[in-house]
Amino acid sequence: MENLPVYQRAIGGIYNSIAMQIFKFGGASVKDAEAVRNVKDILEKYASGPIVVVISAMGKTTNALEAVLDAYWNGEDWLEKLDIVKEYHYNILIELIPDESSPAWDDFKSIFKQLKKHLKKELKYSYDGEYDYIVSHGEIISTKIISAYLNESGFANQWIDARNYIITNALHREARVDWDMTQAFISDYLPSIVEKSPVITQGFIGSTTKKITTTLGREGSDFTASVFAYCLNADELVIWKDVPGILNADPKKFAETVKFDSLSYHDVVEMTYYGATVLHPKTIKPLQNKNIPLSLRSFLDPELAGTLISNIDENLPVNLTPIIIIKEHQALISLSTRDYSFIAEEAIEMIFDEVVRYGIKVNVMRNSAISFQMSIDERHGSGEDFLSVLEKEFEISKLTGLELLTVKYPSETILKKLLKNKKIHLEMKSGDTVQYVLQQNS
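Residues numbered from 1 in each chain as written. Predicted model: local features only at pLDDT ≥ 70, side-chain atom pairs only at ≥ 80, totals over all residues. Heavy atoms only, no water.

A. A look at the pairing of strand β17 (residues 371–377). In terms of burial, β17 is a largely internal element, 5 of the 7 residues being buried. Pairing geometry for strand β15 (residues 323–337) and β17, over 7 bridges, is antiparallel. The residue of β17 that forms the bridge with Leu332 is Ser375. Bridge count between strand β16 (residues 362–367) and β17: 5 bridges; the pairing is antiparallel. Its bridge partner being in β17, Met365 is matched across the sheet by Met374. Counting the residues that bridge the hairpin from β16 to β17 gives 3 residues. (Buried < 20%, exposed > 50% of the residue type's maximum accessible area, 1.4 Å probe, protein only. Helix = DSSP H or I, 4+ residues; strand = E, 2+ residues; numbered from the N terminus. Pairing = 2+ DSSP bridges.)

Here it is as structure tokens:
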């Protein structure tokens, strides 16, 4: 009995279990005042019982704060770029809460004052450390505004700082969750809050045990929601997106797509591993471990059923709808030994020691007798540091501005169309999946 979640009650020896929900809203779903009002409508209509609502930065705020960071890092004028971010949020807040005597306005002013104070000082962290500190403000200001608006419009809620619950290591921009500590903080302190009131919190961000802000990787809010679902033994996670469900290809790049009504955890893990951006790659594992279903639904049309991701029977007929994934901003790194010695176990171990140390994301790799190739995400700072370490042992060449194309269940017709006017730098085939590292022909 004492091991049951707080939101379960014993009445006359019979347990009355109230379903725990986790909702997640991404940047597009809170991009302006009208969108925030839509979130309120969804919560009022679909939220039932204890609920934790995980919210991303508004619109393209993450990109805008990255521009602030780059200017700061390069010693350029960052103030104008920060003012753009401030004005964007000001326009949303003034429409949602016109009364500037509201406490929400104090929070708004305080957050930007604190950020400006930091930017006036000399660089304190590495690029990735500065990234986490600066860019994380997007989630803080977003949830402060939305929580205040919901409270003032009748949807009572409690704002919490996710950094007090999501505990990570110190690997900036790709922090790894300390599951034991995170589970302890969430299960010890959060249920008593959730049972009294809906909770509004941030995706994407966490902190170390020393209270240094970290982030979980781009689009990491999905993963945050999954962490809360796991630690609270939630009955359901609902992620609200601007698509009707999971599609077989990115609708922004392909005119004709197919929506899946249901997928297995296995299907989605493969899709995200290969670069599908509809969900963060780490989202599924915690859910699968506790068999928590995930519904991906449209905030534009909440009545639609969306796509249900669950532990469906893996023995059902295999879906053969081609799944097409394009991952952009790739760099192809080619390493070769200087003395024609083999790329054997010791050399591979050396390479991957540095991959782990610098947090490099390897998307596809191939090795031969004296060479090793890998397609990695292009990024600032540590990517160049990573190569400078390896060049002590290897000859290195690097191609940038590439894309990684992955096709599961390909057909000859589809491949011919996708590869037209493309130069293939690397090709890999495995079972029912093919991958190409490509460059657009001039």
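Anyway, onward from the coordinates.
B. Geometry of the packing of helix α2 (residues 61–73) against helix α3 (residues 79–96). For the pair α2 and α3, the least separation of the axes is 8 Å and the interaxial angle reads 155°. Accordingly, the angle class assigned to the pair α2 and α3 is roughly antiparallel. In this structure, α2 meets α3 at a crossing whose hand is left-handed. Residue-level contacts link Thr61, Ala64, Leu65, Ala67, Val68 and Ala71 of α2 to Lys81, Leu82, Val85, Tyr88 and His89 of α3. Its residues assigned to classes, the contact of α2 with α3 shows 8 nonpolar, 2 polar and 1 charged. (Axes fitted to C-alpha atoms, helices over the stretch in contact; angles between N-to-C directions. Parallel < 35°, antiparallel > 145°, perpendicular 65-115°, else oblique. Left-handed = near helix turned anticlockwise from the far one by under 90°. Contact = heavy atoms within 4.5 Å. Nonpolar A, V, L, I, M, F, W, Y, C, P; charged D, E, K, R; others polar.)

C. Inspection of the nonpolar core at higher detail. With 96 residues, the main nonpolar core has Ile22, Phe23, Leu190, Ile246 and Leu279 as its most contacted residues. In this view, Ile22 contacts Val52, Val54, Ala225, Phe228, Ala229, Leu232, Ala234, Glu236, Leu237 and Val238; residues no more than four positions away in its chain are not counted. One finds Ile333, Ile360, Val362 and Met374 within the second-largest nonpolar core, a separate group that totals 18 residues. (Core = buried A, V, L, I, M, F, W, Y, C linked by side-chain atoms within 4.5 Å.)

D. Just empty space enclosed by the protein, in detail. Enumeration according to the criterion identifies 1 cavity of 30 Å³ or more in this entry. Space inside the largest cavity adds up to approximately 30 Å³. Along the walls of the largest cavity sit Thr61, Leu65, Val85, Ile111, Phe112, Leu115, His137, Gly138 and Ile141, which together make up its complete lining. Mapped onto the lining of the largest cavity, the elements with two or more residues apiece are α2, α4 (103–119) and α6 (137–152). Grouping the amino acids of the lining of the largest cavity by side-chain chemistry returns 6 nonpolar, 3 polar and no charged. (1 Å grid on protein atoms, 1.4 Å probe; cavity = no way out; pocket = protein on both sides within 12 Å on 5 of 7 lines; lining within 4 Å. Points joined across faces, edges and corners; volume = space filled by probe spheres on them.)

E. Looking closely at a negative patch on the surface. A grouping of Glu76, Asp77, Glu80, Asp83 and Glu87 is seen on the molecular surface, where their side chains present a negatively charged patch. Structurally, the position occupied by Glu87 is in helix α3. (Patch = residues over 30% accessible without salt bridge, like charges linked within 9 Å, V, L, I, M, F, W, Y side chains within 5 Å. Areas by Shrake-Rupley, 256 points an atom, 1.4 Å probe, with all protein chains shown as cover. Salt bridge = Lys/Arg side-chain N within 4 Å of Asp/Glu carboxyl O. Lys, Arg positive; Asp, Glu negative; His and termini not counted. Charge placed at Lys NZ, Arg CZ, Asp CG, Glu CD.)

F. Structural detail: the pattern of salt bridges. Counted by the stated rule, this structure contains 18 salt bridges. Across the salt bridge formed by Glu303 and Lys45, the nearest N and O atoms sit 2.5 Å from each other. Highlighted residues: Glu303 in the loop between β13 (294–298) and β14 (307–310) and Lys45 in helix α1 (residues 33–46), separated in sequence by 258 residues. Both residues of the pair, Glu303 and Lys45, count as exposed. Asp432 is paired through a salt bridge with Lys408; the nearest N and O atoms lie 3.2 Å apart. Of the two residues, Asp432 is situated in the loop between β19 (422–430) and β20 (433–440) and Lys408 in strand β18 (residues 394–408); the sequence distance between them amounts to 24 residues.

G. Highlighting α6. With 16 residues, α6 should reach 22 Å at 1.5 Å per residue; the first-to-last C-alpha distance of 23 Å fits that figure. Counting buried residues in α6 gives 13 out of 16 residues, a clear majority hidden from the surface. With its phi angle positive at about 105°, Gly154 sits one or two positions after the end of α6. (Expected span 1.5 Å × (residues − 1).)

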